[in-house]
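Tertiary structure, described
Below, each chain spelled out in residue letters.
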Amino acid sequence: MKTFAKSITGIIALMLITTFTVSGQQMVKENAEPEKITEGYQFTEGPVWHDSGYLLFSDIPANTIYKWTPGSEAEVYMKPSGHSNGLTFDREGRLVLAQHDGAVAKQVGENSFEVVVDSYEGKRLNSPNDIVVKSDGSIYFTDPSFGVSEEDKELDIQGVYRYSGDQGLQLLVSDFNMPNGIAFSPDEEKLYVNDSRRNHIRVFEVNGDGTLENGKLFAKMESEGPGGADGMKVDTKGNVYSTGPGGLWIFSPEGELIRQVDTPRITNLAWGGKDRKTLFMTAPNAVYKLEMKVKGYTSF
């Protein structure tokens, strides 16, 4: 009986490992590899796909947002950009920018923006890094101190914030070391936030009023390789995609590691292309794409 039990246990374990491996392989299109689509930048970040068929991304030191259309060379879309980092769209289709110049802004013209918020309790924001807009129109963003000088820095916290027209700016979480990538689950009941200094992802429950509670560790990325916990996105099934050491890390909604994909150092991610099955990845001096089998989730 002991031998039989051991055999059954071994078979079950093998089935679980096989299922785990196959599911991870099925997320990336067969034989797909990261493909460089444009290069020659200082430090790219914040990619976002527009449904009319083009990709926007930031080059932070260049103070520029670029536009890339398949089959064409990238061109300047907005300059100056407030040293933008994370980009997204609101429910009205307007571009929303997280700016290292200490503000969150919205595009108001072909090459112009207006500041939405730039201070908390009378003090300058650090350097808004990544950003997401909830279905109710409220803006959630991270505010580490990566892009602010010591002489300009006024806040002692590295916060996660929510902004709405009704309630203004709310500090949601203040105990991050360096909050960075931010993403909602497809049902918007969970919010994921990367901590770059600690190389982990935390997850929070989203209350009906938009505040957060019951934050806990979701996943930790412990490995060798260039890069770290930076940008993050989810797919329509709720799987979480994060930059990490060595490239792309994919987790189940429960925080189990599904797969690691070796890439050059990457800084952020965006779903786009036909049916949103292309994963775009910004790297310091280039932008890549990876063809996927799964469909990405966006909140706009």
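Residues numbered from 1 in each chain as written. Predicted model: local features only at pLDDT ≥ 70, side-chain atom pairs only at ≥ 80, totals over all residues. Heavy atoms only, no water.

**Here we look at the pattern of salt bridges**
- In the structure shown here, the tally under the stated rule is 12 salt bridges.
- Here Asp51 ties to Arg276 by a salt bridge, and the two come within 2.6 Å at their closest N and O atoms. Of this pair, Asp51 sits in the loop between strand S2 (44-50) and strand S3 (54-59) while Arg276 is found in the loop between strand S24 (268-272) and strand S25 (278-283), placing the two residues 225 residues apart along the sequence.
- A relative accessible area of 61% places Asp51 in the exposed class.
- Note that Asp195 and Arg198 form a salt bridge whose closest N and O atoms lie 3.3 Å from each other.
- Judged by its relative accessible area of 0%, Asp195 is buried.
- Overall, the relative accessible area of 35% leaves Arg198 in the partly exposed class.
- Residues joined in a network through salt bridges with shared partners are Asp90, Glu92, Arg94 and Lys106. (Salt bridge = Lys/Arg side-chain N within 4 Å of Asp/Glu carboxyl O. Helix = DSSP H or I, 4+ residues; strand = E, 2+ residues; numbered from the N terminus. Buried < 20%, exposed > 50% of the residue type's maximum accessible area, 1.4 Å probe, protein only.)

**A short note on the side chain of Ser127**
- Counting through the fold element by element, Ser127 comes out in the loop between strand S11 (123-124) and strand S12 (131-133).
- For Ser127, a relative accessible area of 0% corresponds to the buried category.
- At a separation of 2.9 Å, a polar atom in the side chain of Ser127 contacts the main-chain amide nitrogen of Gly147.
- If near-sequence neighbours (up to four positions away) are discounted, Ser127 is found in contact with Gln99, His100, Thr142, Asp143, Pro144, Ser145, Phe146, Gly147 and Val148. (Polar contact = N/O pair within 3.5 Å; in protein donor to acceptor, adjacent residues only side chain to side chain. Contact = heavy atoms within 4.5 Å.)

**Digging into the nonpolar core**
- Residues Tyr241, Leu248, Leu279 and Met292 are the most contacted members of the largest nonpolar core, which totals 18 residues.
- Put simply, the parts of the chain that give this core at least two residues each are strand S22 (247-251), strand S23 (257-262), S24, S25 and strand S26 (286-291).
- Beyond its immediate stretch of four places on either side in the chain, Leu279 contacts Tyr241, Leu248, Leu269, Ala270, Trp271, Tyr288, Lys289, Leu290 and Met292.
- With 14 residues, the next largest nonpolar core counts Ala183, Tyr192, Ala219 and Trp249 among its residues. (Core = buried A, V, L, I, M, F, W, Y, C linked by side-chain atoms within 4.5 Å.)

**Notes on the pairing of strand S7 (residues 95-99)**
- Of all five residues in S7, five are buried, a share of seventy percent or more.
- The alternating pattern of S7 places Leu95, Leu97 and Gln99 on one face and Val96 and Ala98 on the opposite face, and all of these are buried.
- Summarising the sheet, strand S6 (residues 84-89) and S7 pair through four bridges and their orientation is antiparallel. Pairing of Leu87 across the sheet is with Leu97, part of S7.
- Between S6 and S7, which pair antiparallel and follow one another directly, the connecting turn spans five residues, one of which, Gly93, has a positive phi of 85°. (Pairing = 2+ DSSP bridges.)

All quantities given are derived from atomic positions and should not be read as evidence of function.
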